[in-house]
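Each chain, letter by letter, is given below.
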Amino acid sequence: MATPSDARTFPGDFTWGSATASYQIEGGVTEGGRGPSIWDTFSHTPGKTLNGDTGDVADDHFHRWREDVRHIADLGLDAYRFSIAWPRVQPSGSGDFNAEGIRFYSDLVDALLEAGVRPVVTLYHWDLPQELQDAGGWTNRATVEAFAAYARRMAEEFGDRIDVWTTLNEPWCTALLGYGSGVHAPGISDPVAALTAIHHLNLAHGRAVQEIRDVLGAAAKVSITLNLHVVRPDDPSSDLDLAARRKADEIANESFLGPLLEGAYPAGLLERTAPLTDWSFVHDGDLDIIRQPLTVLGVNYYSTARVRAWSGEGERQQADGHKDSAGTPWIGAEDVEFLPQPGPWTAMGWNIEPAGLTDLLVELHERYPDLPLMVTENGAAFDDEVTVSGGVARVHDPRRVRYLHDHVEALGRARDKGADVRGYFAWSLLDNFEWAYGYDRRFGIIRVDYDTQERIWKDSAHWYRRLVATGVLPEVTDVEP
């Protein structure tokens, strides 16, 4: 299909990738010396996940990784972002490391390199070893040093074979959904625990960066990936709604951006949470440790939020895109309402607003002009259907193709405005275990039949391969193999 002369183009050094997470795809949870994680425990607790689904098998990537690498290579990806399961390489989270688990990832890295694909490793994508959780998890400062020791060992094992080291994926979800609302593992609803976890995750990032660079040198490329929230006031002319937006922004974004990049927690958050805690878990010198130079900042983006000040009358609306629970992730912002968004929506119920990605990237660039950015997750869940014609199975997913197309275009617009965005990773390579939603939500550009483990390229995979190969944004109809 001919490419329009005015089509969006990207430079040859722009990174195109796709991403996965260990617990969502690997399976093999009792094999190869792997220990239990908090997500094993959580998903096996009745009522915690949709349909009682677990990651016990998932995509069986533990056994089928060679096939998956072939798909990655066939897509022509420049880079593949995956996470190491901490309990697979160190079953208890402290003490002895597991040679078989380390070999699994070493073989995967070597296969990627042989295929010409740069490995981008995430050290923590939510699967904390259960023994560490039994000792307090991210509320226990000892977990910080355990993570630092784990990061150091991974740097020693994999060395310069890794292109970018990402310390944490979406620490907001770990802290606020795991310890605040309790809809993610470990399923705790305690605002003080959540605030403590925020700080210990930030500190763990800083300590991990120190250890990685101590092993690999100052030139080692390090990153962290944040799911930064685009929060809009319902009425931009209302001081109350603007204050509501600021409260949500401080717990959603500034509790990480502030310490990571500016060396301080937001004063408003400290003041509003003072009745809960004096933040004495922040020790002298911690903020200096947290504020480590980054090679690139990873940005995950899916949707936006709209807020207003809650009057205190009636039921407070909580359309924040997360599962309902008795607890809240919005600590210090309990008087903020999250309003339903106009459509269209994905199968997650998330609104589709590509302009939010442009706004986010431009704002980050203007605030941190010397910090390169990378979109490390972006994608959509829709209800896919397999059709068979001439004996060939196809998945036509035009809404996902449109979603990807429009968000890549939005990224391009951010670059037009000066944002230093150097890459894009489609979420996700494969359909997978979607956390508390089990297997009901499909984000993959490659479909997985969970009964047979057959992989089927969706139209979005064919579309994305064309984008990767040419660096030119294809038409949404350009989906033929």
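Residues numbered from 1 in each chain as written. Predicted model: local features only at pLDDT ≥ 70, side-chain atom pairs only at ≥ 80, totals over all residues. Heavy atoms only, no water.

The name that an unreviewed UniProt entry assigns to the protein is Beta-glucosidase, with the source organism given as Myceligenerans indicum. In its Sequence similarities (unreviewed entry) section, the UniProt record describing the protein reads: "Belongs to the glycosyl hydrolase 1 family." (UniProt positions renumbered as here; feature names shortened; annotations may be inferred.)

Undergrad: Teacher, can you tell me more about the sheet that holds strand S8 (residues 304-309) here?
TA: One key point about sheets: their strands pair by backbone hydrogen bonds, in either a parallel or an antiparallel sense. The sheet built from 3 strands is open, its strands ordered S6-S8-S9 with mixed pairing. If you trace the sheet from one side to the other, it starts and ends with strand S6 (230-233) and strand S9 (336-338), each paired once. The mean angle between the axes of side-by-side strands here comes to 40 degrees, regardless of whether they run parallel or antiparallel. Running at roughly 130 degrees to S8, helix H10 (residues 239-262) makes contact with S6, S8 and S9 of the sheet. Of the strands in this sheet, S6 and S8 are in contact with helix H13 (residues 354-367), which crosses S6 at around 105 degrees. (Pairing = 2+ DSSP bridges. Helix = DSSP H or I, 4+ residues; strand = E, 2+ residues; numbered from the N terminus. Axes fitted to C-alpha atoms, helices over the stretch in contact; angles between N-to-C directions. Contact = heavy atoms within 4.5 Å.)

Undergrad: Mind showing me how you'd approach the packing of aromatic side chains here?
TA: One pair of aromatic rings is described through two measures. These are the centre distance and the angle between the planes. If you walk through the whole model with that rule in mind, you get 33 aromatic pairs. When the ring of Trp172 is compared with that of Trp330, the centres are 5.4 Å apart and the planes differ by 45 degrees; the resulting orientation is tilted. Taken together, the residues Trp172 in helix H8 (residues 171-181) and Trp330 in the loop between S8 and S9 connect sequence positions 158 residues apart. For the residue pair Trp172 and Trp330, the accessibility class agrees, reading buried in each case. (Phe/Tyr/Trp six-rings, centres within 6.5 Å; stacked < 30°, edge-to-face > 60°. Buried < 20%, exposed > 50% of the residue type's maximum accessible area, 1.4 Å probe, protein only.)

Undergrad: Just checking my understanding: could you explain the pattern of salt bridges for this structure?
TA: Proximity of charged atoms lets side chains of opposite charge pair with each other. For the structure shown, the criterion picks out 38 salt bridges. One salt bridge connects Arg367 with Glu254, and the closest N-O pair in it is separated by 2.6 Å. Pair noted here: Arg367 is in helix H13 and Glu254 is in helix H10, with a separation of 113 residues, a long-range link. By relative accessible area, Arg367 is classed as partly exposed at 31%. (Salt bridge = Lys/Arg side-chain N within 4 Å of Asp/Glu carboxyl O.)

Undergrad: Where do I start with the side chain of His462 in this structure?
TA: Note that His462 resides in helix H15 (residues 459-470). For His462, a relative accessible area of 9% gives the class buried. Residue contacts for His462: discarding those within four places in its chain leaves Arg394, Trp457, Val479, Glu480 and Pro481.

Undergrad: Explanation requested: the side chain of Thr167 in the structure shown.
TA: Take Thr167: it is sitting in strand S4 (residues 164-169). Each residue touching Thr167, except ones within four places of it in the same chain, is listed here: Leu123, Tyr124, Phe147, His205, Ala208, Val209, Ser223 and Ile224.

Undergrad: What am I meant to see in unusual backbone geometry here?
TA: Only a minority of non-glycine residues have a phi that is not negative, and only a minority of peptide bonds are not trans. In the segment running from Ala185 into Pro186, the intervening peptide bond is cis, with an omega of 10 degrees. Secondary-structure assignment places Pro186 in the loop between H8 and helix H9 (191-216). A cis geometry characterises the amide bond from Gly343 onward to Pro344, with omega recorded as 5 degrees. Tracing the chain through its elements places Pro344 in the loop between S9 and H13. Of note, the phi angle at Asp60 is positive, near 55 degrees, even though the residue is not glycine. For Asp60, the position within the fold is in the loop between helix H2 (38-43) and helix H3 (61-75). Positive phi, normally seen in glycine, also occurs at Glu170, with a value near 45 degrees. Looking at Glu170, the relative accessible area reads 7%, which means it is buried.

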